[in-house]
Amino acid sequence: MQKIIAFFMSIIAFIMSLFGLTPKTPGVSEYKDLAYGSVSSSQKLDLYLPERDDKNVGLIVFIHGGAWQSGDKKELADTAKSVTKNYGYATASLNYRMLGEKATYIEMLEDIHAALGFIKQKAEEVGYSIKTCGLIGYSAGAHLALLYAYKNYTVSPISIAYVTSLAGPTDLTDPNFFDAEWKVQCGGALIGADGITLENWQDYKAELLKASPVSYVDQNVPKTLLCHGTADKTVPYSNAVILSEKLSAVGAAYTLIPFEGADHGLLDDGMEATDLFYQTFFEWSKTAFGY
């Protein structure tokens, strides 16, 4: 996780040094530990709103990773706040129910849905209007961002303009994915299956496919940005290839950025792929939000 935090912060540093940016807004209004649900103490988020005259703002939602069983919204809080300060976008960093609470992917997606509805309402209460958002997640958080965007883009409380995956699982039935017992255990818990092992996981392929973003691709899914290390030993690069091929086959808009030689933390490649990610991500944001 430290590598991915460094990755995000390197983007912010790159933006500031290369373009000499100064904040577009005089400040940021911070709302920390907001409860967007009442089922679990995990249902909390941090929200950052730009202090600007035009209250019609775009939203970028950050979803942390951690194998669906660990991690915290605070890991991406500084990045979210920096994006709000330097670009004038609203941002949020989410916590959600995880495997330790016996949550499956279904409950996790419910939390994202509830969080988006809450953010829209909270923003309206303080005078902001949010109609469009982008989702970005790392690892397990990227899996959830993709899965939510593809399954729920027609019913999301806030219209989803794009979704960004940083080293996210896309196909839980990829033979390259289940190469360790801990992965099988996480995958089994994610679908609520007891007794799944390295030897029998293929017996659960139907359920695993239901939990896989690749299963919900159509030509109208939100624009997709995939960033993945070609030497990723946690989530194989083949996962990114499988999803990109499916998106290409149906004519959906996407960009795949390989981080050559990089492992799960993405930084090993240096600045070239990070540079391309930055340019693509913020170009898409500007197009989606109009500023």
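Residues numbered from 1 in each chain as written. Predicted model: local features only at pLDDT ≥ 70, side-chain atom pairs only at ≥ 80, totals over all residues. Heavy atoms only, no water.

## Re the overall build of the protein
The helix and strand tally for the protein stands at eight helices and eight strands. For the protein, the C-alpha radius of gyration of 18 Å lies close to 19 Å, the compact-globule estimate for 291 residues. Overall size of the protein, expressed as C-alpha extent along the three principal axes, is 60 × 45 × 35 Å. Taking all contacts inside the protein whose residues are at least 6 apart in sequence as the whole, residues at least 24 apart take part in 75%. Accessible surface, the protein: about 11500 Å² in total, of which carbon and sulfur atoms supply 49%. Across the protein, the mean location of the 23 positive side-chain charges is 7 Å away from that of the 33 negative side-chain charges. (Helix = DSSP H or I, 4+ residues; strand = E, 2+ residues; numbered from the N terminus. Rg over C-alpha atoms; globule rule 2.2 N^0.38 Å. Contact = heavy atoms within 4.5 Å. Areas by Shrake-Rupley, 256 points an atom, 1.4 Å probe, with all protein chains shown as cover. Lys, Arg positive; Asp, Glu negative; His and termini not counted. Charge placed at Lys NZ, Arg CZ, Asp CG, Glu CD.)

## Comments concerning the pattern of salt bridges
The tally for this structure, following the rule as stated, stands at eight salt bridges. With its nearest N and O atoms 2.9 Å apart, the salt bridge here joins Lys-73 to Asp-46. Linking Lys-73 in the loop between β3 (56-63) and α2 (77-87) with Asp-46 in strand β2 (residues 44-50), this pair joins segments that are 27 residues apart in sequence. No difference in accessibility class separates Lys-73 from Asp-46, as the two residues are buried. The salt bridge involving Glu-110 is made with Arg-97; its shortest N-O contact spans 3.6 Å. Residue Glu-110 is found in helix α3 (residues 105-125), and its partner Arg-97 is found in the loop between β4 (90-94) and α3; the two are separated by 13 residues along the sequence. Residue class for Glu-110 comes out partly exposed when judged on its relative accessible area of 43%. For Arg-97, a relative accessible area of 12% corresponds to the buried category. If you follow the salt bridges from partner to partner, you end up with Asp-33, Asp-46 and Lys-73 in one network. (Salt bridge = Lys/Arg side-chain N within 4 Å of Asp/Glu carboxyl O. Buried < 20%, exposed > 50% of the residue type's maximum accessible area, 1.4 Å probe, protein only.)

## Re the pairing of β4
Every regular strand shows the same layout, with side chains that alternate between the two sheet faces. The element β4 is extensively covered by neighbouring structure, given that five of its five residues are classed as buried. Covered by surrounding structure in β4 are Ala-90, Ala-92 and Leu-94 together with Thr-91 and Ser-93, the residues of both alternating faces. In this structure, β3 lies alongside β4, joined through five bridges in parallel fashion. Its bridge partner being in β4, Phe-62 is matched across the sheet by Ser-93. (Pairing = 2+ DSSP bridges.)

## Remarks on the sheet that holds strand β8 (residues 254-259)
Spatially, β1-β2-β4-β3-β5-β6-β7-β8 is the arrangement adopted by the eight strands of the open sheet, whose pairing is mixed. In this open sheet, the two strands that pair with only one neighbour each are β1 (28-35) and β8. The average undirected angle you get between the axes of adjacent strands in this sheet is 15 degrees. In the sheet, β3 pairs with strand β5 (residues 129-138) via seven bridges, with the strands oriented parallel. Paired with Ile-60 across the bridge in β5 is Gly-134. Docked against the sheet, α2 engages β1, β2, β3 and β4, running at close to 20 degrees with respect to β2. Relative to β2, α3 is tilted by about 40 degrees, and along the sheet it contacts β1, β2, β3, β4 and β5. (Axes fitted to C-alpha atoms, helices over the stretch in contact; angles between N-to-C directions.)

## Side note on the packing of aromatic side chains
Scanning the model with the defined rule gives twelve aromatic pairs in all. Aromatic side chains Tyr-278 and Phe-282 sit 5.3 Å apart centroid to centroid with 50 degrees between the ring planes, which places their arrangement in the tilted category. One end of the pair is Tyr-278 and the other is Phe-282, both in helix α8 (residues 271-289) and four residues apart, which spans about a single turn. Like Tyr-278, the residue Phe-282 is buried in the burial classification. An aromatic cluster is built from Tyr-87, Tyr-89, Tyr-162, Phe-277, Tyr-278, Phe-281, Phe-282, Trp-284, Phe-289 and Tyr-291, whose rings are joined through pairwise contacts. Directly above the aromatic system of Trp-284 lies the positively charged group of Lys-223, at a separation of 4.9 Å from the ring centroid. (Phe/Tyr/Trp six-rings, centres within 6.5 Å; stacked < 30°, edge-to-face > 60°. Lys NZ or Arg CZ within 6 Å of the ring centre and 35° of its normal.)

## Here we look at α2
Where burial is concerned, most of α2 is hidden: eight out of the eleven residues are buried. Of the positions making up α2, those classed as buried are Ala-77, Thr-79, Ala-80, Ser-82, Val-83, Thr-84, Asn-86 and Tyr-87. Positive phi appears at Gly-88, one or two residues downstream of α2, with a value of about 80 degrees.

## Observations regarding unusual backbone geometry
Of note in this structure, Lys-102 is not a glycine but carries a positive phi near 65 degrees. If you trace the backbone, Lys-102 turns up in the loop between β4 and α3. Phi is positive for Ala-167, which is not a glycine, with a value near 60 degrees. Structurally, Ala-167 is set in the loop between β6 (159-166) and α5 (181-190). Looking at Ala-167, the relative accessible area reads 0%, which means it is buried.

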